[in-house]
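Overview (structure and organization)
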Amino acid sequence: MAPFDFTGGPVNGSPNGCPVRVRDLELSFGDSPLLRRLDLDIAAGEFVALLGRSGSGKTTLLRVLAGLERRGSGTVEVPAASAVVFQEARLLPWKRVWENVALGLRDGARERAHAALGEVELLHRAGAWPLTLSGGEAQRAGLARALVREPRLLLLDEPFASIDALTRLKMHELVLALWESHRPSVLLVTHDVDEALGLADRAVVIDGGRIAAEIPIDAPRPRDPSSPSYVLRRRELLAQLGVLVPNHADSPSTFARSAA
Amino acid sequence: MDESAIPARPRAFRFDGISVDPKVVRRFISPLAILLLWQLGSMYHVIPATKLAAPTTILATFWSLSASGELPRDLSVSLGRVLVGLLAGVCAGAVLALVAGLSRTGDDSVDPVMQGLRTLPYLGMSPLLILWFGIGEFPKLALVAFASAFPVYLTLLGGIRAVDPKLIEAAQAFGLDRWETIRAVILPGALAPALVGLRYALGAAWLSLVVGEQINADRGIGYLIMDARDFLRTDVIVVGLLVYALLGLATDAIVRLVERRALEWRPSILREAR
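Model, not experiment: these values are computed from the prediction.

The rules behind each value
- Residues numbered from 1 in each chain as written.
- Chains lettered and ligands numbered in written order.
- Predicted model: local features only at pLDDT ≥ 70, side-chain atom pairs only at ≥ 80, totals over all residues.
- Helix = DSSP H or I, 4+ residues; strand = E, 2+ residues; numbered from the N terminus.
- Buried ≥ 20, exposed ≤ 12 C-beta atoms within 10 Å, placed from the backbone.
- Contact = placed C-beta atoms within 7 Å.
- Pairing = 2+ DSSP bridges.
- Axes fitted to C-alpha atoms, helices over the stretch in contact; angles between N-to-C directions.
- Domains from an automatic or database assignment.
- pLDDT = per-residue confidence, 0-100.
- Arc of directions from axis to C-beta.
- Parallel < 35°, antiparallel > 145°, perpendicular 65-115°, else oblique.
- Left-handed = near helix turned anticlockwise from the far one by under 90°.
- Nonpolar A, V, L, I, M, F, W, Y, C, P; charged D, E, K, R; others polar.

1. Focus on the overall build of chain A
When its secondary structure is counted, chain A shows seven helices and ten strands. Counting every position in chain A, which comprises 260 residues, the buried fraction comes to 42%. Partitioning the intrachain contacts of chain A with sequence separation of at least 6 by distance along the chain shows that 71% fall at a separation of at least 24.

2. Considerations on the sheet that holds strand β4 (residues 47-51) of chain A
Residue and element names in this part refer to chain A. Taking strand neighbours across the sheet as the criterion, the six strands line up as β6-β7-β8-β4-β9-β10 in an open arrangement whose pairing is mixed. At either margin of the open sheet sits one strand with a lone partner, and together these are β6 (82-85) and β10 (210-216). For this sheet the average axis-to-axis angle between neighbouring strands, irrespective of direction, equals 20°. Judged from the five bridges that link them, β4 and strand β8 (residues 185-190) form a sheet pairing that is parallel. Residue F47 lies in a different strand from β8, and its bridge partner there is V186. Relative to β10, helix α7 (residues 228-240) is tilted by about 175°, and along the sheet it contacts β4, β9 (202-207) and β10.

3. Remarks on the domain arrangement of chain B
Assigned domains of chain B: these are domain 1 (1-47) and domain 2 (58-267). Computed over C-alpha atoms, the centres of domain 1 of chain B and domain 2 of chain B are 38 Å apart.

4. Here we look at the confidence of the model for chain A
Residues and elements named next belong to chain A. Of all residues in chain A, 88% attain a pLDDT of 70 or more, and the chain-wide mean is 87. Across residues 8-13, where pLDDT falls below 50, the model places ten contacts with residues more than four positions away in sequence or in other chains. A low-confidence stretch, residues 253-260 (pLDDT under 50), is modelled with 16 contacts involving residues beyond four sequence positions or located in other chains.

5. Observations regarding the interface of chain B and chain A
Each side of the interface is counted separately: chain B has 15 residues, and chain A has 14 residues. At the level of elements, α7 (165-173), α8 (178-212) and α11 (267-273) of chain B are the ones that each hand at least two residues to the side of chain B that touches chain A. If one sorts the elements of the side of chain B that touches chain A by residue count, α7(B) sits on top with six residues.

6. Structural notes on α7(B)
Every buried residue of α7(B) is listed here: B:L167, B:A170, B:A171 and B:A173. Across the axial projection of α7(B), the buried residues extend over an arc of 160°, all falling on one side. Close packing links the buried residues of α7(B) with β6 of chain A together with α8 of chain B. One or two steps after α7(B), the chain reaches B:G175, where phi turns positive at roughly 85°.

7. Notes on the pairing of β4(A)
All names here are of chain A. Most of β4 sits inside the fold, with five of its five residues counted as buried. The alternating pattern of β4 places F47, A49 and L51 and V48 and L50 on opposite faces, both of which are buried. The sheet contact formed by β4 and β9 spans four bridges and is parallel. Bridge pairing links V48 to R202 in β9.

8. A closer look at the packing of helix α4 (residues 135-147) of chain A against helix α5 (residues 165-182) of chain A
All names here are of chain A. Packing of α4 against α5 leaves a shortest axis separation of 11 Å and a crossing angle of 15°. Of the possible angle classes, the one that applies to α4 and α5 is roughly parallel. Between α4 and α5 the crossing geometry is right-handed. Residue-level inspection shows G136, Q139 and L147 of α4 in contact with α5, the latter providing T167, M171, L178 and H182. The class makeup of the residues in the contact of α4 with α5 is three nonpolar, four polar and no charged.

What follows is the structure, encoded as structure tokens:
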């Protein structure tokens, strides 16, 4: 398979004005296809949630956009300034928190790292060793490490999956606040329907390596999970993910609803 | 406090207000008893001085050898040999581990040779080393270097291979090039096992020095021991052995000190510091 045409992307966006433009992306591992003729656009400043079952290809797509996956064919355009927040924070345990944030920065690294840590409210832990951080703190450090690069595309790979429910709610607020002040395009990979409905402008469902559904979410934030439109979209999304919800379970107060 | 509430616990021994845990005291009883029996055996000629000198004699000899300057001179010679040999061996082991650990070609060419050489009983190589390098300083250093290279090679290579690939990938995602990744991720990640290897290397270095210094040496602790054998001076032999043991302990303690400083970030050390 020929390597795909991976470009750093034009600074002012591709012809249709979207900083992220994916066309005909195909990628397989051995004989099993992971991504099949996949197209995706993300507009400047748009917050997109990518949902899918395990093995649907959602993480593979994120890895392609992050430049960590170079096999496959098709066209991929992403901004040169893009940054990833991984599922486990992946902090280097032998570097202090601020040094992790400053990883790979050239000039003014210390000041910029501290400023970014301030933005995620982790300045008091700047000199700490990563293994002493709580799960939520580690993810905030991961977020700071991405933010400090002033990304035009922020890739979030299930960053809240291993955090307890209450901390996750706070992280959602933090991510929204940061997105609103910096306005990068965001691709959030998640398996949590409520996370997608609470945060994103658009939910994209991937299944079997191709886009199965796109659901725009235009409600103003913060969003009320008990509003009829929320409940409707939630049901639609779950159906796309292969979960059929009986009527009485639609209310977000039941146990079927995940923590977000 | 009502003492009857804790009946089973014996009271601590007290000397001038310093209390000693009875458990610690118990552990000293048997070694002291052996030492006492040894001393008595020597005094009543059950243990002949030509086989093993009395503890008090050994202590006195240690003192006189130190005072005469003989022991300090031989000690510095031995220490110098270990340091030079160890430095050469550790550098060689580390460089080879980096070559094997960081490139496939390096792995394919270096590792089979190292694994093969590792199986050689290096202490048995001294006759060959004498034939190659004569009976001067060099074969002694070569033996020490040879012995200490392998522990460092094996542990550093193992450490490099065990570095979490997810951390390497993260470093690449944040724009680190290959050299920066090696410096920021791979080497620090492999440091902990490499330091354990350094401690093994120290043990092997001292052991091979004991053997090496018995090859026609005219200085060093090994020479002191061999010379004493000719005069049936068992007290000097034991002093030499004890000095080897103390040097081994001291150098090991230094590496552990380095370990605590360099691996400050590890959970076990963080817990102790708290």
